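# Tertiary structure, described
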Amino acid sequence: MQLAARAAAAIGILDKVLAGEPAEKVLTSWGRGARYAGSGDRAAVRDIVYDGLRCLRSFAALGGAPIGTLTGRSVVLGAARAAGVEALWFDGSPHGPAVATEPAAQPEGLDALDCPAWLTPQLQQALGEDFAPVMQALQSRAPVFLRVNAGKTTVEAAMAALAAEGITTRPHPLAQFALEVTGNARKIQNSATYAEGLVELQDAASQALAEAVPLRAGAKVLDLCAGGGGKSLALAARAKLKLYAHDANPRRMADLPARAARAGVKITLTTAPESQAPFDVVLADVPCSGSGSWRRDPEGKWSLSAERLAGLVALQSEILDRAARLCAPNGVVGYATCSLLRAENEDQVAAFLARTPGWSLRESYRFTPLQDGDGFGLALLARD
Ligand SMILES: C[S@@+](CC[C@H](N)C(=O)[O-])C[C@H]1O[C@@H](n2cnc3c(N)ncnc32)[C@H](O)[C@@H]1O
């Protein structure tokens, strides 16, 4: 596909996303119909769409959209102008978009930061002077990180094995076994190093969070909201544990047995953790706004609403209460979110401590994209 044809495809896809369809669904159905598109084209179109969603309002302004309006064309035109490729993408060729005549406007204020207006006070309160830098960081793609599987290899050996397959990496200071991928990230999932379980894809801050959970060999541990199991696998790599994984939606854990086998660790899936309780450590990596990972899921930034956030906060407090009931005397609950908001972190923990006698906050951690990884909160709550 010509560059202009890729831009035209991205415009069509973004128009559907702006009308309310999920980006992944629209990309998949475009891919099925676009037999002429090779893998490089598909990846390039996907990148334009996701870059556009990360910078929706700033690109729309640059692309000449009248204030308050958003179209696929204005977003992609803004992206082209930001990258200095307008003449290549908007060349008026038969498969490309028409040559642009729209005047560019420099985005200002919250538009320049691509920050939803209604959430701004909460983000400012949580981030203080980091507010603008964090919102700017969320406008860029997330780096790709790997976790070296300490149960199978060393950081140096994993880097060498990846380099032999053409994938370049460097250690990242956020976590002990974190590697930032500096070249050929798209090769990872087909590499032997990955297939043999020497490395796993995991954000560096997510790794740091799993490293902060206190563990001793032989401990009985529950990952209460295990999802795909990224944190379960990171915990399992740290010590020999009796490790259980649960999720309200067990289908989310469908790949976990294969991932655990690849990593060489044992994780028992459970649909009824109460029947295995009590646990020495319960990790509650609760469903949340995802505001710390808007680089990966930029649709989430624009689709979050006050009602949805309130529903999440209520669900989080239910899950935290359940985690506490599942925890042994002298045990620890790790309450974790990938949210930047106080409502889902500090306020949630303060409300738990106020309503639950016999618990105290042992330590808390905050990660933001300014440290390169995603944004996370972790509170370690100890049962007296
Ligand atoms: C943030 S994700 C977990 C990510 C996962 N820990 C990881 O590191 O890959 C939250 C998970 O909580 C699950 N969930 C939602 N409501 C729940 C509930 N009431 N109890 C347990 N899990 C729940 C969701 O299905 C989702 O998989």
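See the structure shown above.
The rules behind each value
Residues numbered from 1 in each chain as written. Predicted model: local features only at pLDDT ≥ 70, side-chain atom pairs only at ≥ 80, totals over all residues. Helix = DSSP H or I, 4+ residues; strand = E, 2+ residues; numbered from the N terminus. Rg over C-alpha atoms; globule rule 2.2 N^0.38 Å. Buried ≥ 20, exposed ≤ 12 C-beta atoms within 10 Å, placed from the backbone. Contact = placed C-beta atoms within 7 Å. Axes fitted to C-alpha atoms, helices over the stretch in contact; angles between N-to-C directions. Parallel < 35°, antiparallel > 145°, perpendicular 65-115°, else oblique. Left-handed = near helix turned anticlockwise from the far one by under 90°. Nonpolar A, V, L, I, M, F, W, Y, C, P; charged D, E, K, R; others polar.

## Structural notes on the overall build of the chain
Within the chain, the regular secondary structure consists of 17 helices and 11 strands. Taking 384 residues into account, the globule formula puts the C-alpha radius of gyration at 21 Å, and the chain, at 22 Å, falls close to it. Dimensions of the chain, computed from the C-alpha atoms along their principal axes, are close to 70 × 50 × 35 Å. Per-residue burial over the chain gives 44% buried out of 384 residues. Nonlocal contacts in the chain, meaning residues at least 24 apart in sequence, comprise 69% of its contacts between residues at least 6 apart.

## Quick notes on the packing of helix α1 (residues 3-18) against helix α2 (residues 23-33)
Contact pair α1 / α2: the axes reach a minimum separation of 9 Å and the direction vectors enclose 140°. The orientation of α1 relative to α2 falls into the category oblique. Considering how the two elements wind past one another, α1 and α2 form a crossing that is right-handed. Taken together, the residues of α2 that come into contact with α1 (itself represented by Ala9, Ile13, Lys16 and Val17) are Ala23, Val26, Leu27 and Trp30. Within the contact of α1 with α2, the residues separate by chemical class into 7 nonpolar, no polar and 1 charged.

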